[in-house]
Amino acid sequence: MAEQSRNSWISKDDPKLVSQRQKDMFEDILEERRSNSDARYSLKTRDVPVFKFNKSRTPAQIIEHVMNSDRVQFAIEQACIDTKLPRSEIVSEAVSAVNEMAHNQNMKAIRGFAYVLVKIFKSLYKRVYVNVDGIQKVRGMIKEYPVLLMPTHRSYMDFLLMSYVFYHYDLPLPVIAAAMDFMGMQFVGWLLRNSGAFYIRRSFGDDHLYWAVFTEYVQTQICNGDSPIEFYVEGTRSRTSKSYTPKFGMLSAALEPYFKSHVPDIMVVPVSISYDRILEESLYAYELLGVPKPKESTSGLLKARKILEENFGNVHLYFGEPISIRKYSEGLVDRSLHNLAPRYIASLTNQEQDLIKHLGHHMILTHQKHMVVSPWSMMAVVLMQTQGGVSVRQLAKEVEWVKRQASNMGAYIDWPATESAESVLRENVKLHQNIVRVTEDDVVELVRVAPPVHAKATDALMITAGQHLMLSLYRNHILHVFVRPAMIAISVNTCNEDKLSVDDLFTKYCFLEQILSKDFVFIPGKTKSDFEFALLTLTHLCGVTMEDNQVVIAQSTNKHTTFYSQMFEPFLLGYWILCQYLLSNHPNVAGKPLAKTQKMLVKEAQMLTARLLQEGVVRHYEMLSLDMMNNGLQALFYMGGISKERRDGVVYMYPNTRQLSTITDQLAKFVDVPRLPSVSINLHSKTVTVNAKL
């Protein structure tokens, strides 16, 4: 019924308001599915390219290879020595680990999955766009090289879409590193495993046996080219629609076969997945506020079926230029250094580890470069800065301006070429009618967002914050385009002198990059070149004026610098409040600041922020985001403002008062900070007491 309803509104769409089947480098792979048999599609003959050195193996044979490998046998011997347990018990543990982990990919399950997926996608999405040129490059590579797929990860739909795309184009379905959360889901866990998911723990810790089993399991499939291997370099789903800093464990394991000369090359394919509307938008918003996510379950999935009746717009998948690890590492690593050591001993040189870190950051920036920016993302940018509503006409004017700036900075904008801005905006309001509406006075305003069912007792403040955080998800999707020019714009906008030298500007830029480094991704060692390019962008496109290697402040302060500064104001103000909270912690009896767990620190800082919002002292509801506070704490730790200590296996944090005070004073130079009341916090009674206005 949902599919029939969806097909009816697809056919009635004004063709000027929706992107066509062919659009620039993209094609819609759902178009032909709407008029053809899904059963026939799931049973189609597939001509799949195979790696030229592949020796066909069953999933059971892969497991057998892992258990008999030198790496796992060595780890078993070491575990016997370390634990004094009998060998049979350690072997049983290794067998249990690999069986828990391994996929059981088979065509019967894949065909059944394809039948289900095509129906789901036709219900959820107008179109699923794929850049054909990128897919053809993948097809050509699979015969010649082992392939690693690294998509962005902003929704549970990511790995389903990737598998569907590979099925559609007759490519071997990838095997996918999946979290244990899905394994316990009745039937769904089984279906995913049989479609290529292999389950790994979120953290291995010091479990060397598990490390050995995991590494061998991944590497044997790379060396034999059994299937493309898919994993997320960010490590987990982004709940904020911003890119996370890369994680290197899986990447290191996957590239080790090249460094140790097991394979002549490995090809890495970045994939950028952009959603007009994110399936989990409400869950993310409340999870960021501290409402625990519901446990993945089949019953929960069935209860969510009504979501199939909603419209989630378009999805774009952009397969980027494949990266040859051989070429990427040329002249940077010496593979011969591994010749004398047993190949199963996990060890990479410092140069190889540095290259992996650089590659991880490069992948994130490549992801960002190829993200597709929707009109709604630009609307969200404007709406986040105009709390209280804005007329459709004014919103259209501002969005057109943002579109020009984003396009000038290299963003790919998905915008119907022949339609007026107002028409495009009204269509996007319809798509996101759960967040905004147009009033009788033609004003766009936020609507009250009903919290998810599992978020039981939620007060008015949190519901309002949920609205703003949902909107911020889409604003965040475009922030990477502006973040580097904005860091200069912030310094220009807050400068009290007539001129600002480039050297002083760079010093300010470095500070802002450090404090923002956990919320945004910067390539280590590229600060100077990023700064120079951002300054060039502002002088050429945004009216920033230079004389004698100095910025002329009066002539340079304009709409560009003000708008860009306001985009990032919530982050800087949020960090400043976090600093003020940390500095207000009373010392213990020894005169040293009281150490607390990170979880307790962010919870108390959130309580303070909530009270300041209620008092009207600050206005940015997104500062209640636990993600922002956690990122702020990590940045302060790396800047020396916080120290960590471990007690009984638990990490505690405490402020380094002098350094933290310096950072706090620095932050106050970049953002208008309010006069804060003196506060005391009682976490157990969940109260914040305002003692007096300063």
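Residues numbered from 1 in each chain as written. Predicted model: local features only at pLDDT ≥ 70, side-chain atom pairs only at ≥ 80, totals over all residues. Heavy atoms only, no water.

Participant: Teacher, can you tell me more about the pairing of strand E20 (residues 642-647) here?
Facilitator: Remember that side chains alternate between the two faces of the sheet whenever the strand is regular. Bridge count for E20 against strand E21 (residues 650-655) is 6 bridges, and the pairing is antiparallel. Across the sheet, residue Arg647 finds its bridge partner in E21, namely Val650. Hairpin remark: E20 followed by E21, antiparallel, with 2 residues in the connecting loop; positive phi at Asp648, about 50°. (Pairing = 2+ DSSP bridges. Helix = DSSP H or I, 4+ residues; strand = E, 2+ residues; numbered from the N terminus.)

Participant: Please explain helix H6 (residues 107-124) as it appears in this structure.
Facilitator: In this model H6 runs 25 Å from its N-terminal to its C-terminal C-alpha over 18 residues, within 8% of the 26 Å that 1.5 Å per residue would give. Within H6, burial applies to Ala109, Ile110, Phe113, Ala114, Leu117, Val118, Phe121, Lys122, Ser123 and Leu124. (Expected span 1.5 Å × (residues − 1). Buried < 20%, exposed > 50% of the residue type's maximum accessible area, 1.4 Å probe, protein only.)

Participant: Got a minute to help me understand the sheet that holds E20 in this structure?
Facilitator: Pairing between sheet strands relies on hydrogen bonds along the backbone, with the strands arranged either parallel or antiparallel. Judged by pairing direction, the sheet is antiparallel, and its 3 strands sit side by side in the order E19-E21-E20 without closing on themselves. Edge positions in the sheet fall to strand E19 (596-597) and E20, since each has one partner strand and no second.

Participant: Would you explain the domain arrangement of the protein in this entry?
Facilitator: Along its sequence, the protein is carved into domain 1 (21-277 + 312-370), domain 2 (375-473) and domain 3 (478-693). Centre-to-centre separation of domain 1 and domain 3, based on C-alpha positions: 36 Å. Together domain 1 and domain 3 conceal approximately 1000 Å² of surface at their shared face, both sides included; 67% is due to carbon and sulfur atoms. For the domain 1 face of the interface with domain 3, the top three residues by lost area are Lys242, His361 and Gln368, together amounting to 48%. Taken together, the links from domain 1 to domain 3 amount to 1 salt bridge. Here Asp519 ties to Lys242 by a salt bridge, and the two come within 2.9 Å at their closest N and O atoms. Run the count over domain 1 and domain 3 and you get 2 residue pairs in polar contact (both at pLDDT 80 or more). Residues of the side of domain 1 that touches domain 3, tallied by class, amount to 3 nonpolar, 7 polar and 1 charged. (Domains from an automatic or database assignment. Buried area = accessible area lost by both parts, 1.4 Å probe. Salt bridge = Lys/Arg side-chain N within 4 Å of Asp/Glu carboxyl O. Polar contact = N/O pair within 3.5 Å; in protein donor to acceptor, adjacent residues only side chain to side chain. Nonpolar A, V, L, I, M, F, W, Y, C, P; charged D, E, K, R; others polar.)

Participant: For this particular structure, what's the right way to read the pattern of salt bridges?
Facilitator: Close approach of charged atoms allows side chains with opposite charge to pair. Applying the stated criterion to the full structure yields 34 salt bridges. Notably, a salt bridge pairs Glu32 with Arg33, separated by 3.3 Å at the nearest N-O pair. Here Glu144 makes a salt bridge to Lys52, at a shortest N to O gap of 2.8 Å. Of this pair, Glu144 sits in the loop between helix H7 (132-142) and strand E4 (147-151) while Lys52 sits in the loop between helix H2 (38-42) and helix H3 (59-68), placing them 92 residues apart in sequence. By relative accessible area, which is 48% here, Lys52 ends up partly exposed.

Participant: Would you take a moment to explain the packing of aromatic side chains for this structure?
Facilitator: Each aromatic ring pair is summarised here by two numbers: the centre-to-centre distance and the angle between the ring planes. Counted under the stated rule, the structure contains 26 aromatic pairs. Measuring from ring centre to ring centre gives 5.3 Å for Phe121 and Tyr164, while their planes differ by 70°; the resulting arrangement is edge-to-face. Separated by 43 residues along the polypeptide, Phe121 in helix H6 and Tyr164 in helix H8 (residues 157-168) bring together distant segments of the chain. By the burial criterion, Phe121 is buried, and Tyr164 matches it. Taken together, Tyr41, Phe121, Tyr125, Tyr164 and Tyr167 form an aromatic cluster joined through their ring pairs. (Phe/Tyr/Trp six-rings, centres within 6.5 Å; stacked < 30°, edge-to-face > 60°.)

Participant: What should I look at first to understand the packing of helix H10 (residues 208-224) against helix H11 (residues 249-259) in this one?
Facilitator: Contact geometry of H10 with H11 gives a least axis separation of 9 Å together with a crossing angle of 45°. Here H10 is positioned oblique relative to H11, judged by the angle of their axes. Seen from above, H10 lies across H11 with right-handed handedness. Residues Phe214, Thr215, Val218, Gln219, Ile222 and Cys223 of H10 form the contact with H11, whose own contacting residues are Met250, Ala253, Ala254, Glu256 and Pro257. Taken together, the residues of the contact of H10 with H11 break down into 8 nonpolar, 2 polar and 1 charged. (Axes fitted to C-alpha atoms, helices over the stretch in contact; angles between N-to-C directions. Parallel < 35°, antiparallel > 145°, perpendicular 65-115°, else oblique. Left-handed = near helix turned anticlockwise from the far one by under 90°. Contact = heavy atoms within 4.5 Å.)

Participant: What exactly am I supposed to notice about unusual backbone geometry here?
Facilitator: In most cases, non-glycine residues show a negative phi, while peptide bonds are predominantly trans. Unlike most non-glycine residues, Lys84 shows phi in positive territory, near 65°. With respect to the element layout, Lys84 can be found in the loop between helix H4 (70-83) and helix H5 (87-101). Phi is positive for Asp442, close to 65°, though the residue is something other than glycine. With respect to the helices and strands, Asp442 occurs in the loop between strand E14 (436-438) and strand E15 (443-446).

Participant: Teacher, can you tell me more about the packing of helix H24 (residues 598-614) against helix H25 (residues 626-638) here?
Facilitator: Interaxial distance between H24 and H25 falls to 10 Å at its minimum, and their mutual angle equals 120°. The pairing of H24 with H25 is recorded here as oblique in orientation. Considering the relative orientation of H24 and H25, their crossing is right-handed. Packed against H24, whose contacting residues are Gln598, Leu601, Val602, Ala605, Gln606 and Thr609, the element H25 presents Leu626, Met629, Asn630, Leu633 and Gln634 at the interface. Among the residues forming the contact of H24 with H25, the class breakdown is 6 nonpolar, 5 polar and no charged.

Participant: Got a minute to help me understand the sheet that holds strand E16 (residues 499-501) in this structure?
Facilitator: Pairing in this open sheet of 3 strands is antiparallel, and the strands run E16-E18-E17 from one edge to the other. Pairing within the sheet leaves two strands with one partner each, and these edge strands are E16 and strand E17 (546-547). Where E17 and strand E18 (residues 550-552) come together, 2 bridges link them in antiparallel fashion. In the strand pairing of E18, Glu547 is matched with Gln550. Where helix H20 (residues 502-515) meets the sheet, it contacts E16, E17 and E18, and its direction lies at approximately 75° from that of E16.

Participant: How should I be thinking about the environment of Thr527 in this particular structure?
Facilitator: Structurally, Thr527 can be placed in helix H21 (residues 527-541). Classification of Thr527 as buried rests on a relative accessible area of 17%. Along the chain, Thr527 and Tyr509 lie 18 residues apart, while their C-alpha atoms are 8.6 Å from each other. If we skip the residues at most four places from it in the chain, Thr527 touches Phe506, Tyr509, Cys510 and Glu513. For Thr527, the side chain forms a polar contact with the side chain of Glu513, separated by 2.7 Å.

Participant: I keep staring at the side chain of Ser227 and nothing clicks. Help me out?
Facilitator: Locating Ser227 in the fold gives a position in the loop between H10 and strand E7 (229-230). For Ser227, a relative accessible area of 12% puts it in the buried group. Those residues within four positions of Ser227 in sequence are excluded, and the remaining contacts are Gln105, Leu173, Val175 and Gln221.

Participant: Looking at this model, I keep getting lost on the environment of Leu308. Mind explaining?
Facilitator: In this structure, Leu308 sits in the loop between helix H13 (298-303) and strand E9 (314-319). Looking at Leu308, the relative accessible area reads 25%, which means it is partly exposed. Along the backbone, Leu308 and Lys122 are 186 residues apart, and their C-alpha atoms lie at a distance of 9.1 Å.

Participant: Explain helix H23 (residues 559-584) to me, please; I cannot follow it from the model alone.
Facilitator: One turn of an α-helix holds 3.6 residues; hence residues three or four places apart share an orientation. Under the 1.5 Å per step criterion, the end-to-end length of H23 is 37 Å for 26 residues, consistent within 8% with the ideal 38 Å. In terms of residue burial, H23 counts as a mostly covered element, since 19 of its 26 residues are buried.

Participant: Is there a simple way to think about the side chain of Asn131 in this case?
Facilitator: With respect to the element layout, Asn131 can be found in strand E3 (residues 127-131). Contacts of Asn131, omitting those with residues within four sequence positions, involve Met25, Phe26, Leu317, Tyr318 and Phe319.

Participant: Just checking my understanding: could you explain the state of the cysteines for this structure?
Facilitator: According to the stated counting rule, one finds 0 disulfides in the structure shown. The thiol of Cys579 is not disulfide-bonded; the next cysteine sulfur, from Cys510, is found 18 Å away. (Disulfide = S-S within 2.5 Å.)

Participant: Would you take a moment to explain the confidence of the model for the protein for this structure?
Facilitator: Segments scoring low in pLDDT should not have their predicted coordinates read at a detailed level. Predicted confidence across the protein gives a mean pLDDT of 90, with 90% of residues reaching 70 or more. Contacts from residues 1-19, a stretch scored under 50 in pLDDT, to residues over four places away or in other chains number 37 contacts. Low confidence marks residues 690-694, where pLDDT is under 50. Its contacts with residues over four positions away, or in another chain, come to 16 contacts. (pLDDT = per-residue confidence, 0-100.)

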